[in-house]
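# Examining the three-dimensional arrangement
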Amino acid sequence: MKKKILVTGGTGYIGSHTAVELQNAGYEVVIVDNLSNSSADVVDGIERITGKRPTFEQADCTDYAAMERLFAKHKGIAAIIHFAASKAVGESVHKPLLYYRNNLVSLLNLLELMPKHGTEHFVFSSSCTVYGQPDQLPVTEAAPRKPAESPYGNTKQICEDIIADTVKSGAPIKAILLRYFNPTGAHPSAEIGELPLGVPQNLVPFVTQTAAGIRPKLSVFGSDYSTPDGSCVRDYIHVVDLAKAHVVACQRMLEGKSKKAVETFNLGTGRGVSVLEIVRTFEKVTGVKLPYEVVGRRAGDIEQIWADPTFANAELGWYAKETLEATLASAWKWQQRLA
Ligand code: NAD
Ligand code: WQD
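Cut-off values and rules
Residues numbered from 1 in each chain as written. Chains lettered and ligands numbered in written order. Predicted model: local features only at pLDDT ≥ 70, side-chain atom pairs only at ≥ 80, totals over all residues. Heavy atoms only, no water. Phe/Tyr/Trp six-rings, centres within 6.5 Å; stacked < 30°, edge-to-face > 60°. Helix = DSSP H or I, 4+ residues; strand = E, 2+ residues; numbered from the N terminus. Buried < 20%, exposed > 50% of the residue type's maximum accessible area, 1.4 Å probe, protein only. Axes fitted to C-alpha atoms, helices over the stretch in contact; angles between N-to-C directions. Left-handed = near helix turned anticlockwise from the far one by under 90°. Contact = heavy atoms within 4.5 Å. Nonpolar A, V, L, I, M, F, W, Y, C, P; charged D, E, K, R; others polar. Near = heavy atom within 4 Å. Polar contact = N/O pair within 3.5 Å; in protein donor to acceptor, adjacent residues only side chain to side chain. Areas by Shrake-Rupley, 256 points an atom, 1.4 Å probe, with all protein chains shown as cover. Domains from an automatic or database assignment. Buried area = accessible area lost by both parts, 1.4 Å probe. Salt bridge = Lys/Arg side-chain N within 4 Å of Asp/Glu carboxyl O.

### Digging into the packing of aromatic side chains
For the coordinates displayed, the defined rule picks out 3 aromatic pairs. Geometrically, the ring pair formed by phenylalanine 282 and tryptophan 332 is edge-to-face, given 5.6 Å between the ring centres and 80° between the ring planes. Separated by 50 residues along the polypeptide, phenylalanine 282 in helix H9 (residues 275-286) and tryptophan 332 in helix H11 (residues 324-338) bring together distant segments of the chain. Given a relative accessible area of 0%, phenylalanine 282 falls into the buried group.

### A short note on the packing of helix H3 (residues 64-73) against helix H5 (residues 96-116)
With their axes 10 Å apart at the nearest point, H3 and H5 run at an angle of 35° to one another. Every pair of crossing elements has a handedness; the one defined by H3 and H5 is right-handed. Here Tyr64, Met67, Glu68 and Phe71 of H3 come into contact with H5, specifically with Asn109, Leu110, Glu112, Leu113 and Lys116. Here the residues of the contact of H3 with H5 are counted per class, giving 5 nonpolar, 1 polar and 3 charged.

### Quick look at unusual backbone geometry
For the bond from leucine 137 to proline 138, the omega torsion is -5°, close enough to zero to count as cis. For proline 138, the location among the structural elements is in the loop between strand E5 (121-127) and helix H6 (151-168). Backbone geometry at alanine 190 places phi at a positive 60°, although glycine is not the residue there. Along the chain, alanine 190 turns up in the loop between strand E7 (182-184) and helix H7 (203-211).

### Description of the site of ligand 2
Surrounding ligand 2, one finds 19 residues, the nearest of these being Ser127, Tyr152, Ser219, Arg234 and Asp301. Between ligand 2 and serine 219, the relevant distance is 2.7 Å, taken from a nitrogen atom to a main-chain nitrogen or oxygen of the residue. Arginine 234 has a polar side-chain atom sitting 2.5 Å from an oxygen atom of ligand 2. When ligand 2 is considered free in solution it has 690 Å² of accessible area, and contact with the protein chains removes 88% of it.

### Some thoughts on the site of ligand 1
Near ligand 1, the surroundings consist of 28 residues, among which Asp33, Asn37, Ser38, Asn102 and Tyr152 are the closest. At 2.6 Å from an oxygen atom of ligand 1 is found a side-chain nitrogen or oxygen belonging to aspartate 33. The fraction of the free accessible surface of ligand 1 (820 Å²) that becomes covered by protein chains is 95%. Mapped by element, the contributors of at least two residues to the shell around ligand 1 are helix H1 (13-24), H5, E5 and H6. Looking at which element gives the most residues to the shell around ligand 1, the answer is E5, with 3 residues. Tallied by class, the residues present in the shell around ligand 1 amount to 11 nonpolar, 13 polar and 4 charged.

### Points about the domain arrangement of the protein
In terms of domain boundaries, the protein breaks down into domain 1 (4-185 + 236-267) and domain 2 (203-234 + 270-338). Using C-alpha coordinates to define each centre, domain 1 is positioned 24 Å away from domain 2. Of the roughly 2,600 Å² buried at the junction of domain 1 and domain 2 (both faces included), carbon and sulfur atoms supply 66%. Summed over the shared surface of domain 1 and domain 2, the result is 2 salt bridges. Glutamate 315 is the salt-bridge partner of lysine 259, the closest N and O atoms lying 2.9 Å from each other. Within the residue set of the side of domain 1 that touches domain 2, elements represented by two or more residues are E7, strand E10 (236-238), helix H8 (239-254) and strand E11 (262-267). Looking at which element gives the most residues to the side of domain 1 that touches domain 2, the answer is H8, with 5 residues. Residue composition of the side of domain 1 that touches domain 2, by class: 13 nonpolar, 9 polar and 7 charged.

Below, the structure written as structure tokens:
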């Protein structure tokens, strides 16, 4: 029988791509999302790609009673992939309680309900933000976490700790914490992708909206960093590669292959790319001239970070396969579909 996976935040950007890959791998997908940052139409996109409609429940993970009803209705959930969270770094500085309530209470509810309903496996969406500016690059999972720069980042650290403490207490739960670097791009079909509300804060959606004429020009935040071209360096990973890692993580736990009750993996390409390289590569791939201006640094930005993905490569047998060119081309195709 097909194993049932609960995908919280499954109509969101990364969750929807993961739902596609789970269905392609033969899993039965139940999505729960409160649609606070996504649309129910995304379920249609998942169906158009895979030929199968995932089950969709509109509910809020912070609502314990609603989540209890969901577990009772969808008996036999083998694993949960927990994407649902508020994720805007800047907003979290102004509305910390919203972030602490949403991100922490959602997690607490799921961890309390899992043993009651016999669900043992948990995959958590963490972030490279937990590393701050690492002392050594590329950064491995063994690097110390630095004090969080924002309430959002702090929720990721606290959630990692809550999961570890819960498992340590003897709860019948195994977990995999996935630390994403910079998820980018869209499904090659352009049936699903990222839907930023308002002015995008992330680089690539701003780039594609500028290329589409929605924004007059891109501001490149800083050119005086100690990097090869002076702009910040990040590890941009294709969202489809990222999604596939979740399938592998579920399989690992369901087949009893985890080596520890809580395992942590970096999900990145292992390649650092600067903001100006993004601009140049985007122009090369799309043939569109991108108006941009170098401006001052953005407060709170770290200078450079990229992943050492060796542990995920070796243990999960997972590799980020897509090129930066293919990643940016998919982002542009999705933007053209939206515009
Ligand atoms: P997203 O906003 O597109 O998806 C999150 C989804 O969760 C949305 O559909 C939203 O409606 C839903 N949601 C939020 N709170 C909810 C709640 N209480 N109950 C039910 N649904 C709720 O974001 P994303 O980029 O797909 O991110 C997914 C996860 O990955 C988040 O946990 C995020 O913090 C983490 N992450 C994202 C990035 C990134 O750059 N996108 C990087 C690292 C980690
Ligand atoms: C990338 C680079 C900017 C916009 C954020 C979160 C992090 C994680 C991923 C969730 C930076 C530069 C950007 C623009 C620019 N999310 N930039 N002009 O900052 O690496 O990480 O998203 O966990 O927690 O902090 O990503 O896409 O915002 O920026 O020059 O208009 O692009 O300065 O160097 P970041 P980003």
